[in-house]
Amino acid sequence: MTTAASATEPGTTRGSGASPSRFSPANLFRTYGALIAIAVLAYLLLVWAPGTLTPFRLGNLGKYCCWAIAAVGIGLAWGRGGMLVMGQGVFFGLGGYITAMHMKLEAAGPGAVPDFMSLYGNGTMPFWWEPFRSGTVTLIAIIVVPLLVSFLLGYAILKRGVKGAYFAILTQALAVAFATLLIATINETGGFNGLNSFRTFFGQKLNKDTKVDLYMMAAGFLILCLVVVWQLYRSRFGELLVATRDAEARVRFLGYDPANTKLIAFVVAAVMASIGGALFTPIVGIISPSNVDAAASIMLLAGVALGGRATLMGPAVGAIAVGYGQSTLSESFPTTWTYFQGALFIVVMLLLPGGFASLGTKLKGLVAGRSAASRASMATKPTVGAEAVA
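Remember, predicted model here, so these are calculated numbers, not experimental data.

Q: How would you explain the packing of aromatic side chains if you had to name every residue and give the values?
A: Evaluated as defined, the whole model comprises ten aromatic pairs. Seen in terms of ring centroids, Phe167 and Phe266 are 6.0 Å apart; in terms of plane orientation they differ by 75 degrees. Their pairing is edge-to-face. Within this pair, whereas Phe167 is found in helix H8 (residues 165-184), its partner Phe266 is found in helix H13 (residues 258-284), the two being separated by 99 residues in sequence. By relative accessible area, which is 3% here, Phe266 ends up buried. Feature note: the residues Tyr64, Trp67, Phe92 and Phe280 constitute an aromatic cluster, connected by ring pairs. The aromatic ring of Tyr233 is capped on one face by Arg80, whose charged end is 3.8 Å from the ring centroid.

Q: Requested: an account of the nonpolar core, with residues and values cited.
A: If you look at soluble globular proteins, the nonpolar side chains tend to sit buried side by side. One finds Leu45, Leu195, Leu222 and Leu226 to be the most contacted residues of the largest nonpolar core, which totals 88 residues. Considering every element that reaches this core, the biggest residue donor is H13, with 15 residues. The residues touching Leu226, leaving out its near neighbours within four places in the chain, are Ile38, Leu41, Val72, Leu312, Met313 and Ala316.

Q: How would you summarise the environment of Trp337 if you had to cite specific residues and measurements?
A: Assignment of secondary structure puts Trp337 in helix H16 (residues 337-351). C-alpha separation for the pair Trp337 and Gly325, spaced twelve residues apart in sequence, amounts to 9.1 Å. Excluding its chain neighbours within four sequence positions, the residues that come into contact with Trp337 are Gln326, Leu329 and Ser330.

Q: Outline the confidence of the model for the protein chain, listing residues and values.
A: Mean pLDDT over the protein chain: 87, with 86% of residues reaching 70 or higher. Scored below 50 in pLDDT, residues 1-20 shows three contacts in the model against residues more than four places distant or in partner chains.

Q: Can you lay out the pattern of salt bridges for me, pointing to particular residues and giving the numbers?
A: Across all of its chains, the model carries eight salt bridges by this definition. The closest approach of N and O atoms between Glu331 and Arg57, which form a salt bridge, is 3.3 Å. Separated by 274 residues along the polypeptide, Glu331 in helix H15 (residues 314-332) and Arg57 in helix H4 (residues 55-80) bring together distant segments of the chain. Here Glu248 ties to Arg252 by a salt bridge, and the two come within 3.2 Å at their closest N and O atoms. Of this pair, Glu248 and Arg252 both sit in helix H12 (residues 248-253), four residues apart, roughly one helical turn. Given the relative accessible area of 46%, Arg252 is considered partly exposed. Taken together, the shared-partner salt bridges in this structure form one network comprising Lys163, Glu248, Arg252 and Lys262.

Q: Go over the packing of H15 against H16 with me, naming the residues and quoting the values.
A: The interhelical angle for the contact between H15 and H16, taken along N-to-C directions, is 145 degrees, at an axis separation of 9 Å. The handedness of the crossing between H15 and H16 comes out as right-handed. From H15, Val322, Gln326, Leu329 and Ser330 reach across to H16, where they touch Trp337, Phe340, Gln341 and Phe345. When grouped by side-chain class, the residues that make up the contact of H15 with H16 number five nonpolar, three polar and no charged.

Q: Please give an account of H13 that cites residues and values.
A: Taking 1.5 Å of rise per residue, the 27 residues of H13 would be expected to cover 39 Å, and the 38 Å separating its terminal C-alpha atoms lies within 8% of that figure. Counting buried positions over the 27 residues of H13 gives 23, a clear majority of the element.

Reading the values: the criteria
Residues numbered from 1 in each chain as written. Predicted model: local features only at pLDDT ≥ 70, side-chain atom pairs only at ≥ 80, totals over all residues. Heavy atoms only, no water. Phe/Tyr/Trp six-rings, centres within 6.5 Å; stacked < 30°, edge-to-face > 60°. Helix = DSSP H or I, 4+ residues; strand = E, 2+ residues; numbered from the N terminus. Buried < 20%, exposed > 50% of the residue type's maximum accessible area, 1.4 Å probe, protein only. Lys NZ or Arg CZ within 6 Å of the ring centre and 35° of its normal. Core = buried A, V, L, I, M, F, W, Y, C linked by side-chain atoms within 4.5 Å. Contact = heavy atoms within 4.5 Å. pLDDT = per-residue confidence, 0-100. Salt bridge = Lys/Arg side-chain N within 4 Å of Asp/Glu carboxyl O. Axes fitted to C-alpha atoms, helices over the stretch in contact; angles between N-to-C directions. Left-handed = near helix turned anticlockwise from the far one by under 90°. Nonpolar A, V, L, I, M, F, W, Y, C, P; charged D, E, K, R; others polar. Expected span 1.5 Å × (residues − 1).

So, in structure tokens, the structure goes:
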């Protein structure tokens, strides 16, 4: 009787005793802390930045947001799925070039061909350019083309059990091949110079107001991608993706096909990269092979690694930080800024392998370790005194 009564004293019932812990501040923050972080980032990007930054800096921030959109997808595929995707420049370029093709056709006018085709070639336009005169077809293609390409590539690679370094090398080779193809097809894609000299964006003149709208679109899509990935992380698919990364053989033993799980993450990451590339083109005003090659893909990876690939906010914040650092250092040190950037990456990877997102965990561990050590020393002091008296 006494035992039963004492067991029910704290909360009258077992259920009522469990309720406060479920709604405690620690549990609520663990559950919705990511949404709070997304809300803070949304305020900074959508409210603070447009009212504070100059048009030039706001345009740069829009460019960083485009990279961050691609980085969020990389965080899903690499951080949670364990796939080191070193060729995301391919899908970034697909979205960028599709948008650029539509903008060049808009600038040329109905029935005309883009100016570079007359400059570099005989003035004839390939048949596969024609559908992109339509804005609707262009918007659909930005999603569908990378979706199909990534599905076919991912199916061919992942279904054969390719993973690890071999997967990374294959995806990087795709980025190199894609950039080489763009350079070689100067009459169709502008070659090394890429596509530029845009005057309109889906019927709107590219003026100061349109540039602000484009920035708001980039920032808004970044927030949307973060919310989507947050929901994926919390879902059954997110748990299965992490399980596939950590114990692929066990997942297969339980009846799941790890290749299908990885394929979904790979396709989602490709579509996000395409959206980032589609917004990058009008914001920057150019898309060229240098924006989509292996070096560009590695820069996206560097941002993800710097921020923390296994976290939700780390890839986005890391990509923005890398972009800002690249612009700031190149302005201050035009010839040596790459050395500073490389040194920063080396220091971070040595001291914080999990990226800046792991800094809080490390500090918490240090504080907990010191407090445990101090409690242990305090506990041993009375014992030493007692032994001395004895």
